[in-house]
Amino acid sequence: MTVPVPVVFVHGLWLHRTSWQPWIDLFREEGYDPAAPGWPGDPDSVEEARQNPESVAGYGIDDVVEHYAALIEALPVRPIVIGHSFGGMIAQKLLGQDRAAAAVAIDAAQIKGVLPLPLSALKATFPVFRNPANKRRSVSLTAEQFRFAFGNAIPEEESAALYERWTVPAPGKPLYEAASANFNPHSPAKVDTKNSGRGPLLLISGGKDHTVPEVVTRATLKQYRHTEAVTDIINFPERAHSLTIDSGWREVADTVLTWLRQQGLESGR
């Protein structure tokens, strides 16, 4: 009997792990074995996370990578790792470390070596950077801030509903680590982009994304120019940072499933 291929979903800042539930249901229907473990310190529910904002404070990129690496060690085979935003960076790091069979990085936070820093990205992350003490704290977004950073390409009513359903406080430390990456030779935002023996990687960008603009994803692709491993990119021109959770999520998910099949990473059914 064929063992279903495990899929690990990794969320980014300000979204709870349960925001992946529609993807989990779809991937399970397609015969995969999906799961969406939270980051270290993540409470089990959105409500608990809002009531205990400091439970995630102080965790950085390496903490998150080590957390997921330990979870992956317990799996029967290397999983497909699919991450959004900072989860996309984590997915790339795990792939570069040969801990994943393949990775999909959706609107991934910039890795070390990526230079573009668009003004919209600065505005989207200003709630963290406006106070240096936030490096050690957790930070929440207002509905207006979420609208700019995530929901700018969807109706205001939908953005407000997503904010109420999925948003949680997030640690500020990963953003500070990413911001200083190009000045730190040992930055935790560094990814092994030259590993030619790794599995395939798909980068996905949203053409209207304020938080991770398309130019950042294309600059990320250039970081992989010295590897022979499969590295693909797909852009959704009319989508923004909410593309994994808004009403158009299924189009993105189906695109990912098609790409996985093209790489020979079929489900176990």
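In what follows, the accompanying structure is described. Within each chain, residues carry numbers counting from 1 in the order of the written sequence. Given that the model is predicted, a residue must reach a pLDDT of at least 70 before its local features are reported, and side-chain atom pairs must reach 80 or more before they are shown or counted; all residues, however, enter totals for whole chains, interfaces and linings. Neither water nor hydrogens contribute to the side-chain values; these are computed over all heavy atoms in the structure.

On to the overall build of the protein. Assigned secondary structure in the protein consists of ten helices and eight strands. Computed over C-alpha atoms, the radius of gyration of the protein comes to 17 Å, within 12% of the 18 Å expected from 2.2 N^0.38 for 269 residues, which places it in the range of a compact globule. Taken along the three principal axes of its C-alpha coordinates, the protein extends 50 × 40 × 35 Å. Here the protein holds 269 residues, and 56% of them are scored as buried. By sequence separation, contacts in the protein at least 24 residues apart represent 76% of the contacts at least 6 residues apart. Every accessible area reported is derived by Shrake-Rupley at a probe size of 1.4 Å, with residue values counting cover from the shown protein chains alone. Surface summary for the protein: the accessible area is close to 11,600 Å², and the carbon and sulfur share equals 51%. In this tally, Asp and Glu contribute negative charge and Lys and Arg positive charge; neither His nor the terminal groups of the chain are included. A charged residue contributes its charge at one atom only: NZ of Lys, CZ of Arg, CG of Asp or CD of Glu. Seen as two clouds, the 26 positive and the 31 negative side-chain charges of the protein have centres 6 Å apart. Numbering of helices and strands runs from the N terminus; a helix is a DSSP stretch of H or I covering at least four residues, while a strand is a stretch of E covering at least two. Computation of the radius of gyration draws on C-alpha atoms alone. For the globule rule, the value is 2.2 Å times the number of residues to the power 0.38. The rule is simple: take the accessible area with a 1.4 Å probe, protein chains only, and divide by the maximum for that residue type; under 20% is buried, over 50% is exposed, in between is partly exposed. Contacts: residue pairs with any heavy atoms within 4.5 Å of one another.

In this analysis an axis means a line fitted to C-alpha atoms, helices contributing only their contacting stretch, and an angle means the value between N-to-C directions, from 0 to 180 degrees. Packing of helix 1 (residues 21-29) against helix 10 (residues 249-262) brings their axes to within 11 Å, and their N-to-C directions diverge by 40 degrees. Put simply, helix 1 runs oblique to helix 10. Remark: the crossing between helix 1 and helix 10 carries right-handed chirality. Contacts between helix 1 and helix 10 involve P22, W23, L26 and F27 on the former and, on the latter, W249, R250, V252, A253, D254, V256, L257 and L260. Partitioned by chemical class, the residues of the contact of helix 1 with helix 10 number ten nonpolar, no polar and two charged. Roughly parallel means an angle under 35 degrees; roughly antiparallel, over 145; roughly perpendicular, 65 to 115; everything else is oblique. Should the near helix be turned anticlockwise from the far one by less than a right angle, the crossing is termed left-handed; should it be turned clockwise, right-handed. By the convention adopted, Pro, Cys, Tyr, Trp, Phe, Met, Ile, Leu, Val and Ala count as nonpolar, Lys, Arg, Asp and Glu as charged, and the other residues, Gly among them, as polar.

If you trace the backbone, R239 turns up in the loop between strand 8 (231-236) and helix 10. As for R239 and N152, which are separated by 87 residues in sequence, their C-alpha atoms are 8.8 Å apart. In contact with R239, not counting residues within four places along its chain, are A153, G206, G207, K208, D209, D246, G248, W249, E251 and V252.

Right, let's talk about the packing of aromatic side chains for a bit. Note on aromatic contacts: the rings of Phe and Tyr and the six-membered ring of Trp form a pair at centre separations within 6.5 Å, being stacked when their planes are under 30 degrees apart, edge-to-face when over 60 apart, and tilted otherwise. Throughout the structure, instances matching the rule amount to ten aromatic pairs. Pairing W23 with W249 gives two aromatic rings, centres 6.2 Å apart and planes at 40 degrees, and the pair type is tilted. Residue W23 is located in helix 1, and its partner W249 is located in helix 10; the two are separated by 226 residues in the primary sequence. Each member of the pair, W23 as well as W249, is classed as buried. Cluster of aromatic residues (ring-pair linked, three or more members): F9, W20, W23, F27, Y32 and W249. Comment: the charge-over-ring label is applied if NZ (Lys) or CZ (Arg) is within 6 Å of the ring centre and within 35 degrees of the ring normal. Here the basic side chain of K123 rests over the ring of F148, its NZ or CZ set 4.4 Å away from the ring centre.

Looking at where S45 falls in the secondary structure, it is placed in the loop between strand 2 (33-35) and helix 2 (46-51). Look at S45 and you get partly exposed, because its relative accessible area is 25%. Counted as a polar contact is a pair of N or O atoms within 3.5 Å, where, for protein atoms, one must be capable of donating a hydrogen and the other of accepting one, and residues adjacent in sequence contribute only when both atoms are in side chains. One polar contact links the side chain of S45 to the main-chain amide nitrogen of E48, over a distance of 3.1 Å.

A pair of strands is considered paired only if DSSP assigns at least 2 bridges between the two. Taken together, the six bridges between strand 7 (residues 201-206) and strand 8 define a ladder with parallel strand orientation. Across the sheet, I204 pairs through a bridge with I234, a residue of strand 8. Clockwise travel from the first strand over the helix to the second, with the strands pointing away from the viewer, marks a crossover as right-handed. In this fold, strand 7 hands off to helix 9 (residues 214-222), which returns the chain to strand 8; that crossover is right-handed.

Bringing unusual backbone geometry into the picture now. Excluding glycine, residues mostly carry a negative phi; peptide bonds, for their part, are mostly trans. Phi at W14 is positive, roughly 75 degrees, even though this residue is not glycine. Among the secondary structure elements, W14 is positioned in the loop between strand 1 (6-10) and helix 1. Notably, D107 is not glycine yet its phi reads approximately 45 degrees, a positive angle. Along the chain, D107 turns up in the loop between strand 4 (102-106) and helix 5 (119-129).

A few words now on helix 4 (residues 86-96). Note on helix geometry: an α-helix contains 3.6 residues per turn, so any two residues three or four positions apart are oriented the same way. Most of helix 4 is tucked away, with eleven of its eleven residues classed as buried. Those residues of helix 4 lying buried are F86, G87, G88, M89, I90, A91, Q92, K93, L94, L95 and G96. Looking one or two residues past helix 4, D98 carries a phi angle of roughly 60 degrees, positive in sign.

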